[in-house]
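Working through the structure, step by step
Residue strings, one per chain:
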Amino acid sequence: MPDPPLPPSPGEPSSLTELKHLSSTLQATAEALCRSSRASEATAAHGAASAKVRAALAEAEVALRLLAADAAVAPVVPRAEVRVWMDGAFDMMHFGHANAFRQGKALGTHLIVGVNSDASITEAKGAPIMNDAERTRMVRSCKFVNEVVENVPYVMDADYVRHVLQKHRVDLIVHGDDPCIVDGRDVYEAAKAAGRYRTIPRTEGVSTTDLVGRMLLLARKPSLEEPATPTRCSELGESEHRGKLLRRSRAFLSTSRMNSCFARGTRAPAPGAAVVYVAGAFDLFHAGHVAFLEAARGLGDYLVVGVHGDAVVAKKRGDAFPVMNMQERALSVLGCRFVDDCLFDAPLHVSETMVQSFKITVVAVAARGPDAARPDGDRDDPFAVPKKLGLFTTVDSGSDLSSTKIADRIRDRHEALLARYHKKAAKEEAYYDQRHAA
């Protein structure tokens, strides 16, 4: 007998009750289909019809699971383990990647992510900005990911798809609904042929291409102390491309629903827990940030991360910064497995009221980089209060990576990346035009 419809929770909106009922109905229909298909597949006609219905049910299940995930309620629980595979370059990994992992995880119980090798990415579309170790560390740090596989080829042929399905016991191979074509060939054609392929909607307003475009708006400066300024318009190529780049820059705006999806599972610190507080811009959230947050989390039981607002970052680093707006930066932080809670639009100065309200026992600051501690005695020291209270410490993560160094990598390859940007941006525009016209 199929499971009965899930009962509504107290005060649960009727739409969510309906979603649970649809899920239970889908499961019952699938079981009935399996029983009837075994008897009817004796003929080719019945077999083909049965296959079409099963495919439609699979797509319906994907839609239901994504609805449940986006509604920020308890996900639809599969009857058994469902192992989901996703793969990609994840260059300059951002919250759009993390959101894809969140959606992919919602289709099953265990998410395995394959990270493409530098060599295969370079062959398919040009060298990545971040190296193998940096990209892999970012994927491992995402709280939605259960397992990581390194050195995955960019194009998965039939042999590699079979390898993935067998070695990693994969049930579904998932990718965004945007086309992924190399040399005129669908990267996932083998996965589709195996009948295990599913798509999820792409997160609008952000992509690696978009972030590179934003960075191309910045001009090189000889010192970290000197504010960055926008690049001269003449350096950005044709006016049509300039306009698209500028229009798409900082296009993403978060919502309370998106925030709640990323914050799912967040709990208050246990009584008596050692609460660690750190704060910063966390612009272009990268492996250096992850190394710092992991080290800071090791100082206590609970890590609260303050993300400075755009105005605070611009005052410290120049009007061209931050490259990502505060909502984007906060979502990137919330997606990190070492973070227990996030303070949006955190003040620059840590006050006594903050220490008392959050029950902070340690205030940690990076030992290097743009957010490093100021010398004692600085009249405008943001950490004067925690220093006076004996709560202040510095953390050396061992990483020299910074958003400024990433910007340098991009500017060092300005011409090549600008040409790639024009090509990729045109494809993204066409994808969104088609998606919104549907």
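Looking at an unreviewed UniProt entry, the chain carries the name ethanolamine-phosphate cytidylyltransferase, with the source organism given as Aureococcus anophagefferens. Recorded under Sequence similarities (unreviewed entry), the UniProt text for the chain is reproduced unchanged: "Belongs to the cytidylyltransferase family."

**Side note on the overall build of the chain**
Each helix and strand in the chain was counted, giving 17 helices and 12 strands. When the 438 residues of the chain are sorted by exposure, 49% land in the buried category. Taking the intrachain contacts of the chain between residues at least 6 apart in sequence as the baseline, contacts between residues at least 24 apart amount to 76%. About 21000 Å² of surface is accessible on the chain, with carbon and sulfur atoms providing 54% of the total.

**Some points on the sheet that holds strand 10 (residues 341–346)**
The pairing of strands in a sheet happens through backbone hydrogen bonds and is either parallel or antiparallel. What the 5 strands build is an open sheet, ordered 10-9-8-11-12; its pairing is parallel. Because the sheet does not close on itself, it has two edges, and the strands there are strand 10 and strand 12 (392–395). Pairs of neighbouring strands in the sheet enclose a mean axial angle of 30 degrees, with direction left out of account. Where strand 8 (residues 275–280) meets strand 9 (residues 302–308), 6 bridges bridge the pair, whose relative direction is parallel. Its bridge partner lying in strand 9, Val276 is registered against Leu303. Against the sheet, helix 11 (residues 287–297) touches strand 8, strand 9, strand 11 (360–366) and strand 12, its axis set at about 140 degrees to strand 9.

**So, the packing of aromatic side chains**
According to the stated counting rule, one finds 5 aromatic pairs in the structure shown. An angle of 35 degrees between the planes, with centres 5.5 Å apart, marks the rings of Tyr188 and Tyr197 as tilted. Each member of the pair, Tyr188 as well as Tyr197, is classed as buried. Ring plane angle 55 degrees and centroid distance 6.5 Å describe the contact between Phe282 and Phe285, whose orientation is recorded as tilted. According to the relative accessible area criterion, Phe282 is buried, its value standing at 3%. In this arrangement the basic side chain of Arg317 is found over the ring face of Phe321, its NZ or CZ atom lying 4.5 Å from the centre. A cation over a ring is seen here: Lys387 above Phe392, with NZ or CZ 4.9 Å from the ring centre.

**Regarding the sheet that holds strand 4 (residues 172–176)**
Strand order in the open sheet made by the 5 strands is 3-2-1-4-7, with parallel pairing throughout. Since the sheet does not close on itself, it has two edges, and those belong to strand 3 (147–152) and strand 7 (197–200), each with one partner. Neighbouring strand axes in the sheet, compared pairwise and without regard to direction, differ in orientation by 30 degrees on average. Here strand 2 (residues 110–116) pairs with strand 3 via 4 bridges, running parallel.

**So, the pairing of strand 9**
For strand 9, the buried fraction is high: 7 of the 7 residues fall into the buried class. Judged by which residues are buried, strand 9 turns out to be covered on both faces: Tyr302, Val304, Gly306 and His308 on one side and Leu303, Val305 and Val307 on the other are all buried. Handedness of the β-α-β unit built from strand 8, helix 11 and strand 9 comes out right-handed. Pairing of strand 9 with strand 10 involves 5 bridges; the strand directions are parallel.

**Describing the environment of Asp283**
Take Asp283: it is sitting in the loop between strand 8 and helix 11. Accessibility expressed as a relative area gives 2% for Asp283, which makes it buried. Put simply, Asp283 and His308 are 25 residues apart on the chain and 9.8 Å apart in space, counted from C-alpha to C-alpha. Excluding residues that lie within four positions of it along the chain, Asp283 makes contacts with His289, Phe321, Pro322, Val323, Met324, Arg329 and Ser403. Of note is the side chain of Asp283, whose polar atom sits 3.0 Å from the backbone nitrogen of Met324.

**Remarks on helix 5 (residues 132–141)**
Since the α-helix turns once every 3.6 residues, residues separated by three or four places project in the same direction. Among all positions in helix 5, only Glu134, Arg135, Thr136, Met138, Val139 and Ser141 are buried. In this fold, the buried residues of helix 5 make contact with helix 3 (95–106), strand 2, helix 4 (118–125), strand 3, helix 11 and helix 16 (403–412). The N-cap residue of helix 5 is Asn131: its side-chain oxygen and the backbone nitrogen of Ala133 are 3.1 Å apart.

**With respect to helix 3**
With 12 residues, helix 3 should reach 16 Å at 1.5 Å per residue; the first-to-last C-alpha distance of 16 Å fits that figure. Counting buried positions along helix 3 gives 11 out of 12 residues, so the element sits mostly inside the fold. Considered for burial, the residues of helix 3 that qualify are Phe95, Gly96, His97, Ala98, Asn99, Ala100, Phe101, Arg102, Gln103, Gly104 and Ala106.

Cut-offs applied
Residues numbered from 1 in each chain as written. Predicted model: local features only at pLDDT ≥ 70, side-chain atom pairs only at ≥ 80, totals over all residues. Heavy atoms only, no water. UniProt positions renumbered as here; feature names shortened; annotations may be inferred. Helix = DSSP H or I, 4+ residues; strand = E, 2+ residues; numbered from the N terminus. Buried < 20%, exposed > 50% of the residue type's maximum accessible area, 1.4 Å probe, protein only. Contact = heavy atoms within 4.5 Å. Areas by Shrake-Rupley, 256 points an atom, 1.4 Å probe, with all protein chains shown as cover. Pairing = 2+ DSSP bridges. Axes fitted to C-alpha atoms, helices over the stretch in contact; angles between N-to-C directions. Phe/Tyr/Trp six-rings, centres within 6.5 Å; stacked < 30°, edge-to-face > 60°. Lys NZ or Arg CZ within 6 Å of the ring centre and 35° of its normal. Right-handed = clockwise from strand over helix to strand, strands pointing away. Polar contact = N/O pair within 3.5 Å; in protein donor to acceptor, adjacent residues only side chain to side chain. Expected span 1.5 Å × (residues − 1).

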